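Analysis of the macromolecular model
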Amino acid sequence: MTKEDFMRRAIALSKDSVLNGGGPFGAVIVKNNEIIAEASNCVTIDNDPTAHAEVSAIRKAAQRLGTFDLSGCEIYTSCEPCPMCFGAIYWAHIDKIYYANDKEDAAKIGFDDAFIYEEIERPIDNRHKPSEQILHPEALKVFRLWDEKEDKAEY
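Note that this is a predicted model, so its numbers are computed, not measured.

1. So, the nonpolar core
Judged by nonpolar contacts, the single largest core of 23 residues is most densely connected at Ile-29, Ile-58, Ala-61, Leu-70, Ile-75 and Ile-94. At the level of elements, strand S1 (26-31), strand S2 (34-40), helix H3 (53-65), strand S3 (73-79) and helix H4 (83-91) are the ones that each hand at least two residues to this core. Ranked by residues supplied to this core, first place goes to H3 with 6 residues. In this structure, Met-7, Leu-13, Val-30 and Tyr-76 belong to the second largest nonpolar core, which totals 8 residues.

Have a look at this one:
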C-alpha cells in the first residue's frame, strides 16, 4: 500500500465517524507497511473527551503489539493532531506523522486548538484554569522512590 492509501483510509474513517454521530477525524497506525490499528473520533459517542482518533488508535496499536513503545510505526491522521494527540504521539514514540487537513482547516469548522497552545505558554498563575500545588513533599517521595528503583521500565 502507498502513503496515499493509508491516508485515504484515515479520511474514510473520518467520514464514517461523521455519518455515525462522531467527530470528523480518523487515524491509522502503520508498521512495516501494514495497518496495525485504526480509529475514528468517538468523543460524543463514548462521552469521552480523550477519545480522539489518534489517541484511540494509539491505544489499540499498543494493545495489539503488546508494548507502549510504538517506535517503527507511522500515523496517518485526517487532520493535523491537536495538542493532546500530538503529545500522545510523542509519548508513544511514533516515528512519523502524516496528516491531511491542517489546524486552520479544523479551526474553520469549530475545532480551534489555539487557546490550548496559548495557555501552555502562559505562566501557571495567569492561566484560565486555576492550579494549586499541594502536598508536594509527599508526592516528591514517590518520585524519589521511582528514581532509585533499579528495575523500572523506562519510557
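2. A few points about the packing of aromatic side chains
Any aromatic ring pair is given by two values, namely how distant the centres are and how the planes are angled relative to each other. Under the criterion given, the structure shown has 6 aromatic pairs. Their ring planes at 45° and their centres at 5.3 Å tell us that Phe-6 and Tyr-76 sit as a pair that is tilted. Here the residue Phe-6 occupies a position in helix H1 (residues 3-19), and Tyr-76 occupies one in strand S3, the gap between them amounting to 70 residues. Residue Tyr-76 is classed as buried on the basis of its relative accessible area, which comes to 2%. Measuring from ring centre to ring centre gives 6.4 Å for Trp-146 and Tyr-155, while their planes differ by 70°; the resulting arrangement is edge-to-face. Aromatic ring contacts, followed pair by pair, group Phe-6, Tyr-76 and Tyr-98 into a single cluster. Lying over the aromatic face of Tyr-117, Lys-103 brings its terminal NZ or CZ to 5.2 Å of the ring centre.

Criteria and thresholds
Sequence order as written defines residue numbering, which begins from 1 separately in each chain. In keeping with the predicted nature of the model, local features appear solely for residues at pLDDT of at least 70, side-chain atom pairs appear and are counted solely at 80 or more, and the whole-chain, interface and lining totals rest on all residues. Here the side-chain values reflect all heavy atoms present in the structure, with hydrogen atoms and water set aside. As used here, the term nonpolar core means buried Ala, Val, Leu, Ile, Met, Phe, Trp, Tyr and Cys residues forming a set that is joined through side-chain atoms within 4.5 Å. The rule is simple: take the accessible area with a 1.4 Å probe, protein chains only, and divide by the maximum for that residue type; under 20% is buried, over 50% is exposed, in between is partly exposed. Counting from the N terminus, the helices are DSSP H or I runs at least four residues long and the strands are E runs at least two residues long. Only Phe, Tyr and Trp rings take part, Trp by its six-membered ring, and two of them pair if their centres are within 6.5 Å. Stacked means planes under 30 degrees apart, edge-to-face means over 60, and tilted covers everything else. Put simply, a charge is over a ring when the Lys NZ or the Arg CZ is close to the ring centre, within 6 Å, and near the line of the ring normal, within 35 degrees.

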